[in-house]
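Reading the structure
This is what each chain is made of:
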Amino acid sequence: GQQLNQSPQSMFIQEGEDVSMNCTSSSIFNTWLWYKQDPGEGPVLLIALYKAGELTSNGRLTAQFGITRKDSFLNISASIPSDVGIYFCARGDTDKLIFGTGTRLQVFP
Amino acid sequence: DTEVTQTPKHLVMGMTNKKSLKCEQHMGHRAMYWYKQKAKKPPELMFVYSYEKLSINESVPSRFSPECPNSSLLNLHLHALQPEDSALYLCASSQVVRQPQHFGDGTRLSIL
């Protein structure tokens, strides 16, 4: 079945550092979504990407839709403590939302 | 603040109980979803409703029974659940299917 591989699985960084995570697929996508989930809450949509090569920003977050349409990257600049959480990529162009395995981010002051 | 509201936030029930989870959205979305999420795992799709009709059932056991009374409401009726059904149950909605989904904060369900 469909698999989305997300890496790294977890990251431990210092406040102020930049963060980069990625997601790869075995098949071509038309829509990539990035979500963040805080403990005890539901996933929150951060960025939606619809076109190969597209680069979209949301504050300190920047995401890109890979040229091959099989991957996507999420970067966070100048991390702060509230960036802590689990980041999920997801395939968004089917009736079923298919999630990646998640990247757990810890930020230390 | 999420625009998808789920109640209750927490639910503890015995294996013989009958309970219901509720989800409400007032964004005019015509697609609504139920997901199950276990600790440290991504959400897994259970059901999709499109224009108040069930369009996808991911082979969910019959002890879970979804209902969509109108375009704003989605219920999940629970009966004779098992301990392994303990999880976070998330509701989501989107304008129509294949559009970005917006999630509620979930119901944390514990089966004794």
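Summary of the structure given here.

Conventions used here
Residues numbered from 1 in each chain as written. Chains lettered and ligands numbered in written order. Predicted model: local features only at pLDDT ≥ 70, side-chain atom pairs only at ≥ 80, totals over all residues. Heavy atoms only, no water. Helix = DSSP H or I, 4+ residues; strand = E, 2+ residues; numbered from the N terminus. Rg over C-alpha atoms; globule rule 2.2 N^0.38 Å. Buried < 20%, exposed > 50% of the residue type's maximum accessible area, 1.4 Å probe, protein only. Contact = heavy atoms within 4.5 Å. Areas by Shrake-Rupley, 256 points an atom, 1.4 Å probe, with all protein chains shown as cover. Lys, Arg positive; Asp, Glu negative; His and termini not counted. Charge placed at Lys NZ, Arg CZ, Asp CG, Glu CD. Pairing = 2+ DSSP bridges. Buried area = accessible area lost by both parts, 1.4 Å probe. Salt bridge = Lys/Arg side-chain N within 4 Å of Asp/Glu carboxyl O.

Now for the overall build of chain B. Of regular secondary structure, chain B possesses zero helices and eleven strands. Each helix (α) and strand (β) of chain B, taken in turn from the N terminus, gives the series β-β-β-β-β-β-β-β-β-β-β. Here chain B has a C-alpha radius of gyration of 13 Å; the compact-globule value for 112 residues is 13 Å, and the two agree. If one aligns the C-alpha atoms of chain B with their principal axes, the spans along those axes are about 35 × 30 × 20 Å. Across the 112 residues in chain B, those meeting the buried criterion constitute 46%. The long-range share in chain B, meaning contacts at least 24 apart out of those at least 6 apart in sequence, stands at 54%. About 5,700 Å² of surface is accessible on chain B, with carbon and sulfur atoms providing 48% of the total. Averaging the locations of the 13 positively and 10 negatively charged side chains of chain B gives two centres separated by 5 Å.

Moving on, we get to the pairing of strand E6 (residues 53-57) of chain B. Residue and element names in this part refer to chain B. Pairing analysis gives four bridges linking strand E5 (residues 44-50) to E6, with the strands arranged antiparallel. Across the sheet, residue Tyr-49 finds its bridge partner in E6, namely Leu-54. Where E5 hands over to E6, the hairpin turn is made up of two residues, of which Tyr-51 adopts a positive phi near 50°.

Okay, the interface of chain A and chain B next. Contact with chain A, which involves 21 residues of that partner, is made by 21 residues of chain B. Here chain A meets chain B over a buried area of about 1,600 Å², counting both sides, of which 57% is carbon and sulfur. Sorting the residues of chain A by area buried against chain B places A:Asp95, A:Lys96 and A:Phe99 first, and these three jointly supply 31% of that buried surface. Across the chain A-chain B interface, the total number found is two salt bridges.

Another point: unusual backbone geometry. A negative phi holds for most residues other than glycine; trans holds for most peptide bonds. Here the residue pair A:Ser7 and A:Pro8 is connected by a cis peptide bond, since its omega of -5° sits within 30 degrees of zero. If you trace the backbone, A:Pro8 turns up in the loop between strand E1 (4-7) and strand E2 (10-14). In the segment running from B:Thr7 into B:Pro8, the intervening peptide bond is cis, with an omega of -10°. Checked against the element boundaries, B:Pro8 lands in the loop between strand E1 (4-7) and strand E2 (10-13). Here B:Ser59, not a glycine, exhibits a phi torsion of approximately 55°, which is positive. Positionally, B:Ser59 belongs in the loop between E6 and strand E7 (64-70). Unlike most non-glycine residues, B:Arg98 shows phi in positive territory, near 70°. Given a relative accessible area of 48%, B:Arg98 falls into the partly exposed group.

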